[in-house]
Structure formats: C-alpha cells, structure tokens
Amino acid sequence: MRAAERGGADGVVVTHLPDVRYLSGFTGSSGVVAISGRKASLFTDGRYTTQAKAEVAGMRVAIVKGSAVGAACAWLEATGARRCGFQPEYVTVAQLELMRRSVSAGTRRSFFRPAAGLVSRLREVKGAAEIEVIRSAADLGCELFDGVLGSLQAGTTEVEVAIELETQARRAGAERMSFETIVAGGARSALPHGLASGAKLPRRGFVTLDFGVTVDGYCSDMTRTVHLGRAQPDERRVYDAVLEAQVAAVEAVGPGVAAEAIDAAARQVLRAAKLHAFFTHSTGHGVGLEIHEGPRLAKTQRQELVAGMVITVEPGVYLPKRFGVRIEDMVLVTDTGHEVLTWSSKAYTEL
Ligand code: ZN
Ligand code: ZN
C-alpha cells in the first residue's frame, strides 16, 4: 500500500496471480485483490467459491459473474478511493480499457495510476514460514539431483533423464517443476537454456542439469554440471574457473551488500581466467513464489541485499559448439551473512 500511496493512490488493484496469492492466500487461476484504505477484497468467480473461502484469510471474498478486475475497480470507486494504483508490468492494454470502463465516466480520466513494483518489493524479503517452505523445496531438489546421477549415462537421451527426474519429483511431493527442466549434454551444454531434447548423452563430455521443484507454491532452482568420462584439460580448467567464480560470489553474499557486487565477484574470477567474454548472463535472481523475482544480481544493480532474501548464484561459461559449465545454488541472506540452501556437491565429478 505504501508504494501505491507514494504514487498518489489510495486504492490498489492487484492482478498478478502470484501477488494475489501472496496477499490473500488464494491459489486459484483467476482472482484479483483490491485494497482501499483498511479494506481489502478478493474477487473471483463461481468456480472458486469453496476454495476461496477456505484459503483466503484477512479479507472479504467476493464471487462475481462477470470480470473480476472490473468488479474490483467498481468496488474501489464505491469505497471512495480517488486514485487506484495498478500493476503496469502485468496489465494488458485491453485489461486497462476494461478497468476504465468499470468506473464512472467522471472518475475514469484520472483514476488509474501505474504503480510498478507494487507487491514485488514486499515479496523480495521472505518471512520465516516462507523460508521454511523454500528450504524444503531446495532440499527436495538436492535429493532429486543426487538420485538422478545414476541415470546420466552415455546413450541415454536428455528427455529420458528429465522424465526420470520429473517422475521422482512428483512421487516425492512436488506440485510441479518450477520451470522446464534443462538437461544439456556435450556441445549442447554450451546453450545456457538447453531444454532437454532427444539428443543422446555423449560418452565424453559435460552434462548440465538445471531444474526446480515447486512445494506449497514456492520454487527451488539449482544447476549442477558433471562430466561423463575423462575430461580434456581445457574442460577441467573451465569447470574449476566457474566453480571458483561461483564460490567467490556466494562468499560475497550478505546483508547490506549491493547486488552488483555479487555479480562483480563472479565476473572478476572469470576475467582473471580470461573466460569473462563467455559468461553471457547475469549472476542470479531472487526466487520464491516465482522462479524469477527480485532482486536481480547483475551489473548496475545497486539494490542492497537484506536478510530474508533468497537468491540464486549461477555463473556459467559457454564456449559455442564446444561445451559449457554452469553451477547454481540458492542462497539465503541472513543477519550475519548467508546460508547455502542447495547442499548437493559441486566438486568436479566424472561419471
Ligand atoms: Zn536454474
Ligand atoms: Zn536460476
């Protein structure tokens, strides 16, 4: 609410579903939260009558026939709100038009105000209960990774590895995978986003696994890269450099540290190894109800880390058409420094 007030709003309409869940507890696929002063309501439709009443705490539930966002905006106007903050990152042009038509013609012109980052800033710092859920998701991810190592064999397809991982994940209680599983073997490990394909794992070469599970709505995210057969000296050199960069960046994590400093810690190691030109993405991101959320760990990100944030640290080096290595941990920012949540070994491993 405060972020919206700074933008001159006394009401807000929240349409982004992870934010709706965060504020209300509602997990359905269609719902809008509206807040006006001290009053708050969740608007959803008849499919969710029972579920919404069971899940939502601390606000009224309104079941509507037409558009939930339209009803939310009409309600905000009726409560006396004069300005309504909305989420410009998520509201489509068509939705904004519908919202405008839901309030009276006289109000319409000046009612809606974009309020970027409305809920996302709140979500960056996790509470104790959220951290426990994230910890259990990270634990499950590590158990799954250790369990799937035996399936990493020459001739097995990447998709077969992903199926094994995902089947075990569901058996162990994951609601779903947090994102499409990345299994990238041999030259495909040079693709930072090599989704599991029909390609067979090589007799000799790296395999990168990047995956996450969702537990109680919260995501895990981890990457490990292992080598099948004996590595060439340059493969080993790259692995060691990425590991050193990753450890340096993790060690830099703590409260009050600027996000860009974590990124710089990884880049500095890779620069010394003359590999920085092949590190083509940012160093990490916040993770929670969404797989990618704030803060961003990248150049020019001055935002300071705060105890309770959960971030990933994931430098990588990608040599096109040859091979790539990425190592990713989830790291909790604590009052005194940090705690690595993903405990699977990242020591160089040959299978
Ligand atoms: Zn990842
Ligand atoms: Zn990640």
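Numbering of residues begins from 1 in every chain and follows the order in which that chain's sequence is written. Chain A is the first chain written and ligand 1 is the first ligand written, with later ones labelled in order. Per-residue local features are limited, in this predicted model, to residues with pLDDT of at least 70; the limit for side-chain atom pairs, both in listing and counting, is 80 or more; totals at the level of whole chains, interfaces and linings are taken over all residues. Note that water and hydrogens are dropped before the side-chain values are worked out from all heavy atoms of the structure.

## Side note on the coordination of the zinc ion (ligand 1)
In step 1: Donor selection uses N, O and S atoms within 2.8 Å of the metal (3.2 Å for Na, K and Ca). Since no water is included, sites may look incomplete. The zinc ion (ligand 1) binds to the protein through Asp210 (OD), Asp210 (OD), Asp221 (OD) and Glu328 (OE); the donor distances cover 2.0 to 2.7 Å.
In step 2: Irregular is the label for any site that misses the other tests, which are tetrahedral for four donors with all angles between 85 and 135 degrees, and square planar for four donors or octahedral for six when opposite donors exceed 155 degrees and the remaining angles lie between 65 and 115. The site at the zinc ion (ligand 1) holds 4 donor atoms, and with the angles between them running 53 to 151°, its shape is irregular.
In step 3: Expressed as a motif, the donor residue spacing for the zinc ion (ligand 1) is D-x10-D-x106-E.
In step 4: In this structure, the zinc ion (ligand 1) lies 3.2 Å away from the zinc ion (ligand 2), the two metals sharing Asp221 as a donor. Highlighted residues: Asp221 in the loop between β11 (218–219) and β12 (222–228) and Glu328 in the loop between β17 (323–326) and β18 (329–333), separated in sequence by 107 residues. Secondary structure elements are taken from DSSP: a helix is a run of H or I of four residues or more, a strand is a run of E of two residues or more, and numbering for both begins at the N terminus.

## What to know about the domain arrangement of the protein chain
Size of an interface, as often reported, equals the accessible area lost when the parts are brought together.
In step 1: What marks off one domain from the next here is an automatic or database domain assignment. As assigned here, the protein chain comprises domain 1 (2–122) and domain 2 (125–340).
In step 2: Placing a centre on the C-alpha atoms of domain 1 and another on those of domain 2 gives a separation of 35 Å.
In step 3: The partner domain 2 presents 7 residues to the 6 residues of domain 1 that form the contact.
In step 4: Between domain 1 and domain 2 lies a buried interface of about 560 Å² when both sides are counted; carbon and sulfur atoms form 45% of it.
In step 5: Salt bridge criterion: a side-chain nitrogen from Lys or Arg within 4 Å of a carboxyl oxygen from Asp or Glu. Joining domain 1 to domain 2, the criterion identifies 0 salt bridges.
In step 6: Residues adjacent in sequence count toward polar contacts only when both atoms are side-chain atoms; beyond that, a polar contact is any pair of N or O atoms within 3.5 Å, and within protein one must be able to donate a hydrogen and the other to accept it. Linking domain 1 with domain 2 are 2 residue pairs in polar contact (both at pLDDT 80 or more), by the criterion used here.
In step 7: Broken down by secondary-structure element, the contributors of at least two residues to the side of domain 1 that touches domain 2 are α2 (17–24) and α7 (120–124).
In step 8: Ranked by the residues each element gives to the side of domain 1 that touches domain 2, the list is headed by α2, at 3 residues.
In step 9: For the side of domain 1 that touches domain 2, the per-class residue count stands at 3 nonpolar, 1 polar and 2 charged. The contact criterion used is simple: two residues touch if any of their non-hydrogen atoms lie within 4.5 Å. For any pair of parts, buried area is found by adding up, for both, the accessible area (1.4 Å probe) each one loses once the two are put together. Under this grouping Gly is polar, as are all residues other than the nonpolar Ala, Val, Leu, Ile, Met, Phe, Trp, Tyr, Cys and Pro and the charged Asp, Glu, Lys and Arg.

## Here's the deal with the coordination of the zinc ion (ligand 2)
In step 1: The protein atoms that coordinate the zinc ion (ligand 2) are Asp221 (OD), His285 (NE2), Glu314 (OE) and Glu328 (OE), at distances spanning 2.1 to 2.2 Å.
In step 2: Because the angles between the 4 donor atoms bound to the zinc ion (ligand 2) fall within 80 to 152°, the donor set is best described as irregular.
In step 3: All donors of the zinc ion (ligand 2) belong to a single chain; written as a sequence motif, their spacing is D-x63-H-x28-E-x13-E.
In step 4: On the accessibility criterion, Asp221 (3% relative accessible area) is buried. The classification of residues rests on relative accessible area computed with a 1.4 Å probe and restricted to protein chains. Under 20% of the type maximum is buried, over 50% is exposed, and intermediate values are partly exposed.

## A closer look at unusual backbone geometry
In step 1: The step from Gly294 to Pro295 runs through a cis peptide bond, and the omega angle for that step is -5°.
In step 2: With respect to the helices and strands, the residue Pro295 is situated in strand β14 (residues 293–297).
In step 3: Even without glycine at this site, Lys274 takes up a positive phi of about 55°.
In step 4: Of note, Lys274 is situated in the loop between α11 (259–272) and β13 (284–286).
In step 5: Residue Thr300 is not a glycine yet carries a positive backbone phi of 65°.
In step 6: Relative to the elements of secondary structure, Thr300 occurs in the loop between β14 and β15 (310–313).
In step 7: On the basis of relative accessible area, Thr300 is assigned to the exposed category, the value being 58%.

## Topic: the sheet that holds β12
In step 1: Only when DSSP finds a minimum of two bridges between them are two strands counted as paired. If you trace the 3 strands from one edge of the open sheet to the other, you get β8-β9-β12, paired in antiparallel fashion. In this open sheet, the two edge strands, each paired with only one partner strand, are β8 (182–185) and β12. Along the sheet, successive strands turn relative to each other by an average axial angle of 10°, direction set aside.
In step 2: Across 7 bridges, strand β9 (residues 205–211) lies against β12 in antiparallel orientation. Across the sheet, residue Gly205 finds its bridge partner in β12, namely Leu228. The angle between two axes is taken between their N-to-C directions and runs from 0 to 180 degrees, where each axis is a line fitted to C-alpha atoms and a helix contributes only its stretch in contact.

## Considering the nonpolar core
In step 1: To qualify as a nonpolar core, a set must consist of buried Ala, Val, Leu, Ile, Met, Phe, Trp, Tyr and Cys residues joined through side-chain atoms within 4.5 Å. By size, the foremost hydrophobic cluster in this structure holds 37 residues, and its most contacted members are Leu152, Val207, Leu209 and Phe211.
In step 2: Sorting the residues of this core by element identifies α8 (128–148), α9 (158–171), β9, β10 (213–215), β11, β12 and β18 as the ones contributing at least two each.
In step 3: Excluding residues within four positions of it along the chain, Leu152 makes contact with Val161, Leu201, Val207, Leu209, Val226, Leu228 and Leu351.
In step 4: Counting 31 residues, the second largest nonpolar core, distinct from the first, contains Ala241, Ala259, Ile327 and Val331.

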